[in-house]
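Observations on the model geometry
For reference, the chains in residue letters:
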Amino acid sequence: MNLLTPHHDGSALYVQGSGTLGGRCTLRIRVPQQWGTATRIWVRSVQDGEPRYDAARHIDNVDGWVWWEASMLAMNPVARYRFVIEVAGVGEEGASYWHLNNEGLFDRDTSDYNDFRVTTAKDAPAWTRDAVMYQVFPDRFAKSAKAASRPVPGWAVACTWETPVDGVWPDAARQFYGGDLDGVTEKLDELAELGVDIVYLTPFFPGRSNHRYDASTFHAVDPLLGGDQALIDLVQAAHARGMKVMGDLTSNHTGDAHEWFIRGQADPNSVEAGFFYFNEDHSEYESWWGVKSLPKLNWASEALREAFVTGEDSVVAHWLKPPFNLDGWRIDVGNMTGRLGAVELNHEVAALIQARTLEINPEALLLGEETSDAGADVDGFGWQGAMTYSNFTRPMWQWLADPAARVDFFGTPLPGPNKVSADVVLATHKDLSSAFSWPVRNATMNALNTHDTARVGSLMIPGGPIVAAAMSMLLPGIPVIFAGDEFGLLGDRGESSRTPMPWGDPDRIVTDLRPAYAALTRLRHGSPAMAQGGMRWLMADGDVLAFVRESPQESLLVIAVRASVDGLDLGSWGLGDTSGLLDDQVFATGDVSVGDGVSLSGPGAYVWRLPGLSVPGSLAPSMERVLVLD
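The sections below set out a description of the structure shown in this document. (Residues numbered from 1 in each chain as written. Predicted model: local features only at pLDDT ≥ 70, side-chain atom pairs only at ≥ 80, totals over all residues. Heavy atoms only, no water.)

**Considering the layout of surface pockets**
The space that makes up the largest pocket amounts to roughly 1,100 Å³. Of the residues in the lining of the largest pocket, the class split is 11 nonpolar, 12 polar and 11 charged. For the second largest pocket, the calculated volume is near 530 Å³. In this structure, the second largest pocket is lined by 26 residues; those nearest its centre are Glu103, Gly104, Leu105, Lys430 and Trp537. Residue assignment for the lining of the second largest pocket shows that the elements contributing at least two residues are strand 9 (105–106), helix 11 (422–433) and strand 23 (534–541). In terms of residues, the lining of the second largest pocket owes the most to one element, helix 11, which gives 6 residues. Counted by class, the lining of the second largest pocket contains 11 nonpolar, 9 polar and 6 charged residues. (1 Å grid on protein atoms, 1.4 Å probe; cavity = no way out; pocket = protein on both sides within 12 Å on 5 of 7 lines; lining within 4 Å. Points joined across faces, edges and corners; volume = space filled by probe spheres on them. Nonpolar A, V, L, I, M, F, W, Y, C, P; charged D, E, K, R; others polar. Helix = DSSP H or I, 4+ residues; strand = E, 2+ residues; numbered from the N terminus.)

**Regarding the pairing of strand 30 (residues 604–611)**
When you tally the buried positions in strand 30, you get 6 out of 8 residues, the bulk of the element. Note: strand 25 (residues 554–561) against strand 30, 8 bridges, orientation antiparallel. Bridge pairing links Ile559 to Tyr606 in strand 30. Pairing of strand 27 (residues 585–588) with strand 30 involves 3 bridges; the strand directions are antiparallel. Looking across to strand 30, one finds that Gln585 is bridged to Trp608. (Buried < 20%, exposed > 50% of the residue type's maximum accessible area, 1.4 Å probe, protein only. Pairing = 2+ DSSP bridges.)

**A word on the packing of aromatic side chains**
Considering all chains together, one arrives at 31 aromatic pairs under this definition. Plain terms: the ring middles of Tyr81 and Phe116 are 5.4 Å apart, the flat faces sit at 25° to each other, and that makes the pair stacked. Of the two residues, Tyr81 sits in strand 7 (residues 78–87) while Phe116 sits in strand 10 (residues 116–119), which places them 35 residues apart along the sequence. On the numbers, 5.3 Å between centres and 65° between planes, the contact of Trp537 with Phe547 is edge-to-face. (Phe/Tyr/Trp six-rings, centres within 6.5 Å; stacked < 30°, edge-to-face > 60°.)

**Re helix 11**
Counted at 1.5 Å a residue, the expected span for helix 11 with its 12 residues is 16 Å, and the 16 Å between its end C-alpha atoms agrees. Regarding helix 11, the residues found buried are Ala422, Val425, Leu426, His429, Leu432 and Ser433. Across the axial projection of helix 11, the buried residues extend over an arc of 150°, all falling on one side. Summarising the contacts, the buried residues of helix 11 are in contact with helix 10 (393–399), helix 12 (438–443), strand 23 and strand 24 (544–550). (Expected span 1.5 Å × (residues − 1). Arc of directions from axis to C-beta. Contact = heavy atoms within 4.5 Å.)

**What about empty space enclosed by the protein?**
Unfilled space is identified by rolling a water-sized probe across the atoms. Taken as a whole and judged by the stated rule, the model has 6 cavities of 30 Å³ or more. Computed from the structure, the second largest cavity encloses a volume of approximately 60 Å³. Residue lining of the second largest cavity: Asp9, Gly10, Asn102, Phe116, Arg117, Phe436, Ser437, Trp438 and Arg441, and that is the complete set. If you list the elements that add at least two residues to the lining of the second largest cavity, you get strand 10 and helix 12. Of the residues contributing to the lining of the second largest cavity, the split by class is 3 nonpolar, 3 polar and 3 charged.

**Quick look at the side chain of Asn102**
Positionally, Asn102 belongs in the loop between strand 8 (96–100) and strand 9. Side-chain polar atoms of Asn102 contact the backbone oxygen of Ser434, separated by 2.9 Å. Setting aside chain neighbours within four positions, we find Asn102 in contact with Asn114, Asp115, Phe116, Ser433, Ser434 and Phe436. (Polar contact = N/O pair within 3.5 Å; in protein donor to acceptor, adjacent residues only side chain to side chain.)

**Section: the packing of helix 7 (residues 302–310) against helix 9 (residues 346–360)**
The contact between helix 7 and helix 9 brings their axes to 10 Å, and the two run at 40°. Relative to helix 9, the element helix 7 is oriented oblique. Every residue of helix 9 that contacts helix 7 at Arg305, Val309 and Thr310 is listed here: Glu348, Leu352, Ile353 and Arg356. (Axes fitted to C-alpha atoms, helices over the stretch in contact; angles between N-to-C directions. Parallel < 35°, antiparallel > 145°, perpendicular 65-115°, else oblique.)

**Comments concerning the pattern of salt bridges**
The tally for this structure, following the rule as stated, stands at 36 salt bridges. Arg498 is the partner of Asp452 in a salt bridge, and the nearest nitrogen-oxygen pair spans 3.2 Å. Of this pair, Asp452 sits in the loop between strand 21 (445–447) and helix 13 (464–474) while Arg498 is found in the loop between strand 22 (478–482) and helix 14 (514–525), placing the two residues 46 residues apart along the sequence. Classification of Arg498 as buried rests on a relative accessible area of 6%. Between Arg514 and Asp512 there is a salt bridge, with its nearest N and O atoms 2.8 Å apart. On the basis of relative accessibility, which here comes to 36%, the residue Arg514 falls in the partly exposed class. (Salt bridge = Lys/Arg side-chain N within 4 Å of Asp/Glu carboxyl O.)

**So, helix 5 (residues 227–240)**
In this model, helix 5 (14 residues) spans 21 Å end to end at C-alpha, consistent with the 20 Å of a helix rising 1.5 Å per residue. Among the structural elements, helix 3 (181–186), helix 4 (188–194), strand 14 (198–201), strand 15 (244–250) and helix 8 (315–320) are those in contact with the buried residues of helix 5. A positive backbone phi angle near 80° is found at Gly242, which sits one or two residues after helix 5.

**A few points about the sheet that holds strand 28 (residues 592–595)**
Strand order in the open sheet made by the 3 strands is 26-29-28, with antiparallel pairing throughout. A single partner strand is all that each edge strand has here, and the edge strands are strand 26 (565–568) and strand 28. The sheet shows a mean angle of 25° between the axes of neighbouring strands, taken without regard to direction. Sheet topology places strand 26 next to strand 29 (residues 597–600); 2 bridges connect them, and they run antiparallel. Of the residues in strand 29, the one forming a bridge with Val565 is Leu600.

Structure (structure tokens):
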């Protein structure tokens, strides 16, 4: 399936503006000359719920592309728009009309839900645009010498670093390996060599499990992890290396040993009793998925909002301020926060947390866990981006799946990911990311796997994990390395994927992918097309996914293949002159040959550096988003 069609995305190449709500912004679209003769183009926007049409004007023809420009009134906090393209008929046939929205090109009317968006939401900070995230599960990452003197807690099953992980409850949550935050600090140089920019820690609060999502307080670092000073030291050491550190906060629930819950359960008249959902006689309470150790928070309580968010020493604020200085939060179960039956406070709570976070640190990042379709919830007004699996992780698993793999497929009844072709991957990806504005899309996590999922090494074909890693690094979004991905670690479900790191034990390294990851992060960090450029799909057909990241400074051509392919005709992709392509290859995991087209061995990932995108002279943008509506 060749995708040389009219193109627009939300990057600075295509969106410029005056910067005020109620002002006008400039939108651009380019149409390939070989696609058809576009006689007229309009921007169809929705203003106060009513469609409006603004005619575009033809501004120039450059390198086989016809550029058009229109002005749109940004009437509302979320300005939705699409392009309507009139194509001249042939012979006696009348003109045809096409709709280009954020999902793709259609020859029919489509839902407004999938339209492009510019919003008044605060964009994620600039440092995220080419950042690489590394997820640490503290109990299994690294164990400092200090950890040896700490007693094993009563809830735990003591393990040595070599003890096999038990992925079955209850011991899955009780196995205790003793990793700590000082151990993380000691390994920061290894992460720096890998190219890591963000260290994301799963919860560091005390609890009665190794995952610590059952916090007993939100105002202390677990002494088993080294206490408050260990976090202070870790953040200082990370900042000294130019890294950010993000925490993991459960806004949906606490643990049943939490100080708030203990007081609330003991005294129905206490302020804390209103923090939770107790029944009328105070004998039962709501919890996450009926798990009684995780009582659910009631965000209708103003006192909870003050204690958790708005207060001077609230949970959200405490860790963003000195001496801790966290750089942001990943919000656990963000999709369920503030929701219970008819209660719908999710967006209100998310906006409250964002406002407080950015009040303390305007350069902080706020991400929300959204396990399914994140489009409706993650609009930038609350969570600035999503930790979600629907638009990238799941379709990538399905494309690169080993048919014999038997792993937990995100809690579905299926025995594993069903294998699909590249066109299905792209359709899924577009469908489930189309509701994101461009800034939200760039701040959403591209995770291969996490502590809650199977490992890609256990479910993908040989060579598949590094192909998927290249896609995560080079598509819009924040790529995520879960600790151990670089060593090819295995696991058939979330609990069994939380394997202790094989530091100093080469026999436990399954596949050493560190050189490939380091090459990908160097590529990501060194390319203006990654940090500021646009994104255009070129091909999605069977075993091939191809796209280009474009900027005036340079462009990157990315081709991922899950099997060897022959005779790719790059000349049909609207890339300009590719005659010197093979001289500019910057990343590859297979072999390339040129005959009747380009042939690539697979599975493999290939990246070439191309000249910058040629644009009409009057359009040369600063490559910074100047549309900031407020």
